[in-house]
Amino acid sequence: MTGTRRHRAAGPLFVAPFLTLFLLLFLAPLGYAAYLSLFRSRLIGGTVFVGLDNYTQALGDPQLLHGVGRVALFFVIQVPVMLLLALLFALALDSGLLRLARVIRLGIFVPYAVPSVVAALMWGYLYGPDFGPFAQLSRKLGLPAPHFLGDGWMLGSLANIVTWEFVGYNMIILYAALRTIPQELYEAAAVDGAGAWRVAWSVKLPALRPALLLTLLFSVIGSFQLFNEPNLLMKIAPDVISSSYTANLYAYSLAFTGQQVNYAATVSFLLGLVIVIASYAVLLTANRGGRGGSSGRTA
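Keep in mind it's a predicted model, so treat the numbers as computed, not measured.

1. Focus: the overall build of the protein chain
Consideration 1: Looking only at helices and strands, the protein chain features 13 helices and two strands.
Consideration 2: Seen along its three principal axes, the alpha-carbon backbone of the protein chain occupies a region of about 85 × 80 × 40 Å.
Consideration 3: For the protein chain, the residues scored as buried account for 36% of the 299 residues in total.
Consideration 4: Counted over contacts in the protein chain with a minimum sequence separation of 6, partners at least 24 positions apart contribute 65%.
Consideration 5: As displayed, the protein chain has an accessible area near 18300 Å², and 69% of this comes from carbon and sulfur atoms.
Consideration 6: If the 19 positive side-chain charges of the protein chain are averaged to one point and the 11 negative ones to another, these points end up 10 Å apart.

2. Let's talk about the pattern of salt bridges
Pairing is possible between side chains of opposite charge, provided their charged atoms come close.
Consideration 1: Applying the stated criterion to the full structure yields two salt bridges.
Consideration 2: For Asp94, the salt bridge is made with Lys204, and the minimal N-O distance between the two is 2.9 Å. Pair noted here: Asp94 is in helix 3 (residues 62-95) and Lys204 is in helix 9 (residues 196-207), with a separation of 110 residues, a long-range link.
Consideration 3: According to the relative accessible area criterion, Lys204 is buried, its value standing at 8%.
Consideration 4: Taken together, the salt bridges that share partners define one network made up of Asp94, Arg179 and Lys204.

3. Considering the side chain of Gln78
Consideration 1: By secondary structure assignment, the location of Gln78 is in helix 3.
Consideration 2: Taking the relative accessible area as the measure of exposure, Gln78 reaches 2% and is therefore buried.
Consideration 3: When residues no more than four places from it in sequence are discounted, the contact partners of Gln78 are Ala159, Val162, Thr163 and Ser223.

4. Regarding the environment of Ile275
Consideration 1: Mapped onto the elements of the fold, Ile275 is located in helix 13 (residues 261-298).
Consideration 2: In sequence terms Ile275 and Ile221 are 54 residues apart; their C-alpha atoms lie 6.1 Å from each other.
Consideration 3: With residues near it in sequence (within four places) discarded, Ile275 still touches Val220, Ile221, Phe224 and Gln225.

Rules used throughout
In this numbering scheme, every chain counts its residues from 1 along its sequence in written order. Two thresholds apply to this predicted model, a pLDDT of at least 70 for residue-level local features and 80 or more for giving and counting side-chain atom pairs, whereas whole-chain, interface and lining totals are computed over all residues. Excluded from the side-chain calculation are hydrogens and water; included are all heavy atoms of the structure. The secondary structure listing takes helices from DSSP runs of H or I that are at least 4 residues long and strands from runs of E that are at least 2 residues long, numbered from the N terminus. Accessibility here uses a 1.4 Å probe with only protein chains present; expressed as a share of the type maximum, an area under 20% marks a residue as buried, one over 50% as exposed, and anything in between as partly exposed. What makes two residues a contact is simply this: any of their non-hydrogen atoms within 4.5 Å. Note on areas: Shrake-Rupley, 1.4 Å probe, and residue coverage restricted to the protein chains presented here. In this tally Asp and Glu are treated as negative and Lys and Arg as positive; neither His nor the chain ends contributes. Where a charge sits is defined by one atom per residue type, namely NZ (Lys), CZ (Arg), CG (Asp) or CD (Glu). Salt bridges are counted wherever a side-chain nitrogen of Lys or Arg sits within 4 Å of a carboxyl oxygen of Asp or Glu.

The following block contains the structure:
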């Protein structure tokens, strides 16, 4: 009995460090932010309780709405391209037909190891209209310099940076999932006369569904939290990227530039709500698609 009690007591002790950090570094700041969002600072009267007035104001704030719409468009454009490239690279590496596969895998993954700040600065230099290599090459060829940092190109330029950073990360997740597929499935497909393309379509892709869903959820969260890249490029393209270019950047600007801490907390909470809704919509759509595909196969 004494040994059993000790084993039961050991579980909470092992979990206690995580729970302590989770409480202090996540739940406590979240609760404090929720508290701040219910107040407003005024020139006369100081900080006063306003209830949900900040949320009402935020829901009608055109800067916030435009920022959320912009990152939603970014998500629709960038994420499919990124996940498709990651999937193609993972399938190519898993095929066993590539020479120097380890070197190629490492080369694709290395950009993820580069901090996003460094990546944004590097690409900002490459995009530069004056001294960037693309601009210099265009001038030597007698062509106009591309406006990568112009209003019409900026969202695509940001998407290119994020894609360069995270293709390798998503590829590793998908490649790891491919390596867990039982060898018996490949042997059964070979007996049935399936070629490489048929195996990829009928065996590998269905097995990758959970991993693809995971990468898609990570992409939803990352897209709506877009911050580092536009924040750094804003320094070299201030006429295109404003302080409200993305919702996350808007919340940061409100808190640390405008000193509107209470309203910034409100914007952050609404952004979190948007992320939760978008993530749930992705999960719901994927689950319905999975049930529909299963029903079709059963039929």
